[in-house]
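Close look at the chain arrangement
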Amino acid sequence: IKTTPNNITRALYRKGKCYLLVDGKITEYSLDFATSNALPMPAGVEICDMGFTADGYLIAKVKDQGTFYTWDDNLQNPTQLFSVSDVKGNSFTVSGARWESKYYLGEGNTMYQLSYDEDTKMTTMNQETWSEDLTGKQLIYSPLNTVETIAGASFFRYADHAYMVDPTHNANQSQLFD
């Protein structure tokens, strides 16, 4: 791999493959990194973040735009899932299946929730103002909760339990929630 930790924006693992977002492009790697496949993108498009829907589809957001792409097959060209104007924020998280999904983005002290319905091809947007500045924070949708979004937490599974690690205001300390 010709990358350094400084230029990897996001790394995801799904079904035995690793997906790296490096310098605005997504590359799919085998688990041992012996083989790789650069995912096709429209010319001039720079990706800023990516995520998987609950039904396993890769979603990517275009930098500084409200445009989202998806792939039916990682070897084929992506299709534009939807595009909305007036949405800021380059980090996002997704929940739900692609056909009826929700996307959360944050910038400054504003969080955007985009709801997409594949049957009607409609996207609705809700906007909420927080007291905390969300700039540069990674937003993560809780796998156990259908209504709350966590800013800056990590989740993992161990022994049939889902755990959340949430940073606290104390230096060098994290809290573990089951």
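Figured I'd write up the structure that's included with this text. (Residues numbered from 1 in each chain as written. Predicted model: local features only at pLDDT ≥ 70, side-chain atom pairs only at ≥ 80, totals over all residues. Heavy atoms only, no water.)

This next bit is on the overall build of the protein chain. Summing up its helical and strand segments, the protein chain has zero helices and 17 strands in all. Considering the protein chain as a whole, with its 178 residues, one finds that 41% of them fall into the buried category. Residue pairs at least 24 apart in sequence account for 33% of intrachain contacts in the protein chain once pairs closer than 6 positions are excluded. As displayed, the protein chain offers around 10,500 Å² of accessible surface, 47% of which is attributable to carbon and sulfur atoms. (Helix = DSSP H or I, 4+ residues; strand = E, 2+ residues; numbered from the N terminus. Buried < 20%, exposed > 50% of the residue type's maximum accessible area, 1.4 Å probe, protein only. Contact = heavy atoms within 4.5 Å. Areas by Shrake-Rupley, 256 points an atom, 1.4 Å probe, with all protein chains shown as cover.)

Let's shift gears to the nonpolar core. Here is a general trend for soluble globular proteins: nonpolar side chains tend to be buried in one another's company. Of all hydrophobic cores here, the largest spans 15 residues; its most connected members are Tyr19, Ile26, Ile47, Met50, Leu58 and Trp71. Ignoring anything within four residues of it in the chain, the contact list for Ile26 reads Tyr19, Leu20, Leu21, Asn37, Ala38, Leu39, Ile47, Met50, Leu58, Ala60 and Trp71. The next biggest cluster of nonpolar side chains, apart from the first, holds 13 residues, and it includes Phe68, Phe92, Leu105 and Tyr116. (Core = buried A, V, L, I, M, F, W, Y, C linked by side-chain atoms within 4.5 Å.)

Another aspect to go through is the sheet that holds strand S5 (residues 47–52). The strand order across the open sheet formed by four strands is S5-S6-S7-S8, and the pairing between neighbours is antiparallel. With one partner strand each, in any of the chains shown, S5 and strand S8 (79–83) form the two edges of the open sheet. Between one strand axis and the next, the sheet turns through 25 degrees on average, direction left out of account. Here three bridges tie strand S6 (residues 58–62) to strand S7 (residues 67–70), and the two strands are oriented antiparallel to one another. Directly across from Ala60, in S7, lies its bridge partner Tyr69. (Pairing = 2+ DSSP bridges. Axes fitted to C-alpha atoms, helices over the stretch in contact; angles between N-to-C directions.)

Our focus in this paragraph is the pattern of salt bridges. Going through the model one piece at a time under the given rule, you end up with five salt bridges. With a shortest N-O distance of 3.9 Å, Lys63 and Glu46 are connected by a salt bridge. Placement of Lys63 in the loop between S6 and S7 and of Glu46 in the loop between strand S4 (36–38) and S5 is noted, with a sequence separation of 17 residues between them. Its relative accessible area of 39% is what places Glu46 among the partly exposed residues. Residues Asp72 and Arg98 are paired through a salt bridge, measuring 2.8 Å at the closest nitrogen-oxygen approach. With Asp72 in the loop between S7 and S8 and Arg98 in the loop between strand S9 (92–95) and strand S10 (100–107), this residue pair connects regions lying 26 residues apart in the sequence. The class for Asp72 is exposed, based on a relative accessible area of 53%. (Salt bridge = Lys/Arg side-chain N within 4 Å of Asp/Glu carboxyl O.)

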